[in-house]
Amino acid sequence: TQLVPPSPGPIGAMLGYADRVRGLSPNDLQNEINRLGEPGDVPALQMQLGLALSQTRSSPDLARALGLMQRVAANNTADGLALQPLARLLAARYLEQRRVEDDRDRQVQQLRDAQRRIDQLNDRIEALRAIERSFARPAAPAPAPAHNGARP
């Protein structure tokens, strides 16, 4: 298959930007987020910040990226309208990613709870085995009466 270059225009520019920030190191990514600062009501800057935040692998940053994409999707200026299809697509993707991460977090917590219960049950079983072993020990034999040779 042949790769199709991104189309010119705002969406093509955003796809190029997304590709660029995807390859940044964590430090460079944080520098880029700091450089963008607070985007105000500028759809292109909102989208760039959202794209950068989505790469941090942080749940709060993903939530912020989702909010930014939703703002772009709701922006009815000429710049906003040009980016709305991509913003809606990314907002849907980020929302689904949050759901998956929430499900994963719930499963991790359930696994921890199950492991804690297993550990508690193993402790109880071991305590019961210790009690069982104490019952299984033969009683110490009574000392034999001293035999001095005299008959009763």
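Residues numbered from 1 in each chain as written. Predicted model: local features only at pLDDT ≥ 70, side-chain atom pairs only at ≥ 80, totals over all residues. Heavy atoms only, no water.

## A short note on helix 5 (residues 78–136)
Consideration 1: Helix length check: helix 5, at 59 residues, gives a terminal C-alpha distance of 86 Å against a target of 87 Å (1.5 Å per residue), a fit within 8%.
Consideration 2: When the local axis directions of helix 5 are compared, the greatest deviation, roughly 50°, occurs at Gln84, which is followed within four positions by the proline Pro85.
Consideration 3: Considered for burial, the residues of helix 5 that qualify are Gly80, Leu83, Gln84, Leu86, Ala87, Leu90, Ala91, Tyr94 and Glu101.
Consideration 4: Looking at the buried residues of helix 5, the elements they touch are helix 1 (10–22), helix 3 (43–53) and helix 4 (59–74). (Helix = DSSP H or I, 4+ residues; strand = E, 2+ residues; numbered from the N terminus. Expected span 1.5 Å × (residues − 1). Bend = angle between axes of the 7 residues up to and from the residue. Buried < 20%, exposed > 50% of the residue type's maximum accessible area, 1.4 Å probe, protein only. Contact = heavy atoms within 4.5 Å.)

## Some details on unusual backbone geometry
Consideration 1: In this structure, Arg57 takes a positive phi of about 65° despite not being glycine.
Consideration 2: Along the polypeptide, Arg57 turns up in the loop between helix 3 and helix 4.
Consideration 3: In this structure Arg57 comes out as exposed when scored by relative accessible area, which is 70%.

## Some points on the packing of helix 3 against helix 4
Consideration 1: With their axes 8 Å apart at the nearest point, helix 3 and helix 4 run at an angle of 155° to one another. Of the possible angle classes, the one that applies to helix 3 and helix 4 is roughly antiparallel. At the point where helix 3 passes helix 4, the crossing takes the left-handed sense. On helix 4, the residues touching Pro43, Gln46, Met47, Leu49, Gly50, Leu51 and Leu53 of helix 3 are Asp61, Arg64, Ala65, Leu68, Met69, Arg71 and Val72.
Consideration 2: The class makeup of the residues in the contact of helix 3 with helix 4 is nine nonpolar, two polar and three charged. (Axes fitted to C-alpha atoms, helices over the stretch in contact; angles between N-to-C directions. Parallel < 35°, antiparallel > 145°, perpendicular 65-115°, else oblique. Left-handed = near helix turned anticlockwise from the far one by under 90°. Nonpolar A, V, L, I, M, F, W, Y, C, P; charged D, E, K, R; others polar.)

## Considerations on the confidence of the model for the protein chain
The predicted coordinates should not be examined in detail at positions where pLDDT is low.
Consideration 1: On average, residues of the protein chain score 89 in pLDDT, and 85% of them reach the 70 mark or higher.
Consideration 2: Across the protein chain, the secondary-structure element scoring lowest on mean pLDDT is helix 1, at 93, and the one scoring highest is helix 3, at 96. (pLDDT = per-residue confidence, 0-100.)

## Here we look at a nonpolar patch on the surface
Consideration 1: Residues Leu128, Ile131 and Phe135 make up a contiguous nonpolar surface patch of roughly 360 Å² in combined accessible area.
Consideration 2: As for its position among the elements, Leu128 is in helix 5. (Patch = residues over 30% accessible without salt bridge, like charges linked within 9 Å, V, L, I, M, F, W, Y side chains within 5 Å. Areas by Shrake-Rupley, 256 points an atom, 1.4 Å probe, with all protein chains shown as cover. Salt bridge = Lys/Arg side-chain N within 4 Å of Asp/Glu carboxyl O.)

## Considering the pattern of salt bridges
Consideration 1: Tallied over the entire structure, the rule returns 11 salt bridges.
Consideration 2: Between Arg22 and Asp19 there is a salt bridge whose closest N-O contact spans 2.9 Å. Of this pair, Arg22 and Asp19 both sit in helix 1, three residues apart, roughly one helical turn.
Consideration 3: Accessibility expressed as a relative area gives 47% for Asp19, which makes it partly exposed.
Consideration 4: Note that Arg20 is salt-bridged to Glu32, the shortest N-O span being 3.5 Å. Of this pair, Arg20 sits in helix 1 while Glu32 sits in helix 2 (residues 26–36), and the two are 12 residues apart along the sequence.
Consideration 5: In this structure Glu32 comes out as buried when scored by relative accessible area, which is 7%.

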